[in-house]
Amino acid sequence: MPASLPRLSLRTLGELKPEIRRPGYDIASVGAGIVHLGVGAFHRAHQAIYVDDALAAGELRWGIVAASLRQPDTRDALSTQNNLYTLAANSAEGENLRVIGALRRVIVAPEHPAALLAAMADPAIRIVTLTITEKGYCHDPATGELNEEHPDIRADLSSPHRPRSATGFLVEALRLRRAAGIAPFTVVSCDNLPANGETLRRVALRHASLLDADLGAFVAGEVAFPSTMVDRIVPATTDADRVRISDRLCVTDAWPVVTEPFTQWVIEDRFPQGRPRFEEYGAELVDDVAPYETMKLRLLNASHSTLAYLGYLAGYETIAETMADESFARLVTGLMDEEMGPTLSLPPGAALDAYKRALLERFRNPALRHRTWQIAMDGSQKLPQRLLAGARERIVAGSPIKRIALGVAAWMRYVGGIDEKGALIDVRDPLAGRLRAISEAAGPDAERLAGSLLGVREIFGDDLAHNPGFAGPVTSALELLLRAGAKAAVRSSS
Ligand code: CS2
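For clarity, every value in this text was computed on a predicted model and none was experimentally measured.

Asks: Describe the overall build of the chain, listing the residues and the values that go with them.
Replies: Scanning the chain from terminus to terminus reveals 21 helices and eleven strands. What you see for the chain is a C-alpha radius of gyration of 23 Å, in line with the 23 Å of a compact globule of 494 residues. A burial count over the chain gives 60% of its 494 residues as buried. Counting contacts in the chain only where the partners sit at least 6 residues apart, residues at least 24 apart contribute 76% of the total.

Structure (structure tokens):
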């Protein structure tokens, strides 16, 4: 980081070049109305921007108290800059910088669980939003039920007043509010899960009921969990981003976020305690998010995961690099047009062709270095909704799944942990150890390897391993990958 520059802060805001947008509202008058769990780059490039727009429009009671459920790094980076940070929206046309003031406080939950609970129990807080990634729900990805054996859930069931898990915080905060006669907050999942509100409601309700049946009944009867579809591509910030952005700002920002110009947020309009006028800042408020969510998961995220595993194996570092290989671009075009598209019930007024074209364009964005390795993380939590749900529907309809099968096979090849040149792959996944052990025991035999991995029922459920319509194409694709490598496999399947 350029050490000679002063730090971004309320004091140095005035030193920014006039063209850089910054909070025009009086930060000292902002009240906290939202608690957010999971203060990663995605939150700071997505929901926080809509809230920053609300504050700029004078809705000053909706500032965000953000919490990290694990690492102190975001708090540490932002604490000496008054929690201000830069949003950089990048495309071939250039880089647009804007300083965001929506985060008013950052709490590191493991350091101060009581502080986070106190914030969540504050009557001024009307909404709790979450971006905790798929694994943060501590659920079984295949069934969507709470994993009661998860170490964090077990810990929270035995010490509910000092929680660790997201549902542990939600349930304890709701208990405190109920005991104090304060109406519950609305809980808004902003993760890429199907029916994310319903999924969060199911796991939170189960968590609450295991502690206390009355609390369970309260969560079931009194708490709103609207579903949302969130969309913005946000690669992890790199040191090069920090240096470039700080140089352009002429002040140092220790943790800017880098994203694309595109953003979309579709929200079910169920907020009993009120909400910012999100529709005025670009969000779509609807009755039912399901068709939007399915469309996004099966087109954007399914393509992303497929490109990530195959691209990584082929030696491509980023999605844009992978897309520059025309056979990979053809493969995901076919995945969307031939395999996933036909499974969708479209949202009202959706223009499918334009949506798919825009996705290809977004994947090609040369200004985003979105690493295949980053998207490849946590595949065990992502595959069910991204690739497997669509595959199941196609198999029932008797339709082929050649490209989906290649995506699943590439994941199988990837989680073995050794790449095509014999180098180690840093596989990040809650099931990484088990997946690696299964791969080692099976060896490089497609039938044995596919058969053993399909037995992981948290991912594939009880049905797919024994379904020849699924196991057959996956095994053939894996055989091709093991024999010919990713580039040749993609060329012959696209
Ligand atoms: C990506 C998503 O990392 C991943 O798994 O597929 O984070 C993707 O960039 C977002 O869902 C885009 O909205």
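Asks: Residue-level account of the packing of helix H17 (residues 432-442) against helix H18 (residues 446-454), with values.
Replies: Contact pair H17 / H18: the axes reach a minimum separation of 9 Å and the direction vectors enclose 150°. Here H17 is positioned roughly antiparallel relative to H18, judged by the angle of their axes. Once H17 is placed against H18, the crossing between them reads as right-handed. Between H17 and H18, the contacting residues are Leu-435, Ile-438, Ser-439 and Ala-442 on the first element and Arg-448, Leu-449, Ser-452 and Leu-453 on the second. Each residue belonging to the contact of H17 with H18 can be placed in one class, and the counts come to five nonpolar, two polar and one charged.

Asks: Can you tell me about the packing of aromatic side chains, naming the residues and giving the values?
Replies: Scanning all chains against the criterion turns up seven aromatic pairs. Judged by centre distance (5.5 Å) and plane angle (80°), the rings of Tyr-316 and Phe-328 are edge-to-face. In this pair, Tyr-316 sits in the loop between helix H10 (290-313) and helix H11 (319-324) while Phe-328 sits in helix H12 (residues 326-340), placing the two residues twelve residues apart along the sequence. Judged by its relative accessible area of 15%, Tyr-316 is buried. Clustering of aromatic rings is evident, with ring pairs tying together Tyr-50, Trp-265 and Phe-278. A cation over a ring is seen here: Arg-242 above Trp-255, with NZ or CZ 5.3 Å from the ring centre. Taking the ring centre of Phe-262 as reference, the NZ or CZ of Arg-362 above it sits at 3.8 Å.

Asks: An account of the state of the cysteines is requested, with residue identities and associated values reported.
Replies: What is meant by a disulfide is a covalent connection between two cysteines, made through their sulfur atoms. Applying the stated rule across the entire model yields zero disulfides. Left without a disulfide partner, Cys-138 is nearest to the cysteine sulfur of Cys-190, which lies 18 Å away. A relative accessible area of 4% means that Cys-138 is categorised as buried.

Asks: Describe the sheet that holds strand E5 (residues 103-108), and please don't skip the residues or the numbers.
Replies: If you trace the five strands from one edge of the open sheet to the other, you get E5-E2-E1-E6-E7, paired in parallel fashion. The open sheet has two edge strands with one neighbour each: E5 and strand E7 (186-189). Direction aside, neighbouring strands of the sheet carry axes that sit 20° apart on average. Relative to strand E2 (residues 63-68), strand E1 (residues 32-37) runs parallel, the two being bridged by five bridges. Across the sheet, Leu-37 pairs through a bridge with Ala-67, a residue of E2.

Asks: With reference to specific residues and values, describe the nonpolar core.
Replies: Of all hydrophobic cores here, the largest spans 122 residues; its most connected members are Met-412, Phe-460 and Phe-470. The element contributing the most residues to this core is helix H16 (residues 402-415), with ten residues. Shared between two domains, this core takes at least three residues from each, and those domains are domain 1 (13-286) and domain 2 (290-493).

Asks: With reference to specific residues and values, describe the site of the ligand.
Replies: Neighbouring the ligand are 13 residues, the closest being Asn-192, Asp-231, Lys-296, His-304 and Lys-382. In the model, an oxygen atom of the ligand is placed 2.8 Å from a nitrogen or oxygen of the His-304 side chain. Taking Lys-382, its side chain carries an N or O atom lying 2.8 Å from an oxygen atom of the ligand. Protein chains bury 89% of the 340 Å² of accessible surface belonging to the ligand in isolation. Mapped by element, the contributors of at least two residues to the shell around the ligand are strand E8 (228-231), H10 and helix H15 (379-396). Of all the elements, H10 adds the most residues to the shell around the ligand, at four residues.

Asks: Run through the pairing of E7, naming residues and quoting values.
Replies: Neither face of E7 is left uncovered, since the one carrying Thr-186 and Val-188 and the one carrying Val-187 and Ser-189 both have all their residues buried. Relative to E7, strand E6 (residues 127-130) runs parallel, the two sharing four bridges. From the neighbouring strand, Ile-127 faces E7, where its bridge partner is Thr-186.

Asks: Tell me what's going on with the pattern of salt bridges, and back it up with residues and numbers.
Replies: On inspection of all chains with the given rule, the structure shows 37 salt bridges. For Asp-53, the salt bridge is made with Arg-21, and the minimal N-O distance between the two is 3.4 Å. One end of the pair, Asp-53, is in helix H2 (residues 47-56); the other, Arg-21, is in the segment before E1, and 32 residues separate them in sequence. Arg-436 is paired through a salt bridge with Glu-440; the nearest N and O atoms lie 3.0 Å apart. Of this pair, Arg-436 and Glu-440 both sit in helix H17, four residues apart, roughly one helical turn. With a relative accessible area of 27%, Arg-436 lands in the partly exposed category. Exposure remark for Glu-440: the relative accessible area of 53% places this residue in the exposed category.

Asks: Could you give an account of the domain arrangement of the chain, with specific residues and numbers?
Replies: When cut into domains, the chain gives domain 1 (13-286) and domain 2 (290-493). The centre of domain 1, based on its C-alpha atoms, is set 29 Å off from the matching centre of domain 2. Taken together, the 34 residues of domain 1 in the interface contact 29 residues of domain 2. With both sides pooled, the region where domain 1 packs onto domain 2 buries about 2,300 Å², and carbon together with sulfur makes up 58% of that total. On the surface where domain 1 and domain 2 come into contact, there are five salt bridges. For Arg-362, the salt bridge identified is with Glu-260, shortest N-O distance 2.6 Å. Across the contact surface, domain 1 and domain 2 share nine residue pairs in polar contact (both at pLDDT 80 or more). Those elements giving two or more residues to the side of domain 1 that touches domain 2 turn out to be strand E3 (85-91), E8, strand E9 (257-259), strand E10 (264-268) and strand E11 (284-286). Among the elements that take part in the side of domain 1 that touches domain 2, E8 stands out by supplying four residues, more than any other.

Each value, and the rule that gives it
Residues numbered from 1 in each chain as written. Predicted model: local features only at pLDDT ≥ 70, side-chain atom pairs only at ≥ 80, totals over all residues. Heavy atoms only, no water. Helix = DSSP H or I, 4+ residues; strand = E, 2+ residues; numbered from the N terminus. Rg over C-alpha atoms; globule rule 2.2 N^0.38 Å. Buried < 20%, exposed > 50% of the residue type's maximum accessible area, 1.4 Å probe, protein only. Contact = heavy atoms within 4.5 Å. Axes fitted to C-alpha atoms, helices over the stretch in contact; angles between N-to-C directions. Parallel < 35°, antiparallel > 145°, perpendicular 65-115°, else oblique. Left-handed = near helix turned anticlockwise from the far one by under 90°. Nonpolar A, V, L, I, M, F, W, Y, C, P; charged D, E, K, R; others polar. Phe/Tyr/Trp six-rings, centres within 6.5 Å; stacked < 30°, edge-to-face > 60°. Lys NZ or Arg CZ within 6 Å of the ring centre and 35° of its normal. Disulfide = S-S within 2.5 Å. Pairing = 2+ DSSP bridges. Core = buried A, V, L, I, M, F, W, Y, C linked by side-chain atoms within 4.5 Å. Domains from an automatic or database assignment. Near = heavy atom within 4 Å. Polar contact = N/O pair within 3.5 Å; in protein donor to acceptor, adjacent residues only side chain to side chain. Areas by Shrake-Rupley, 256 points an atom, 1.4 Å probe, with all protein chains shown as cover. Salt bridge = Lys/Arg side-chain N within 4 Å of Asp/Glu carboxyl O. Buried area = accessible area lost by both parts, 1.4 Å probe.

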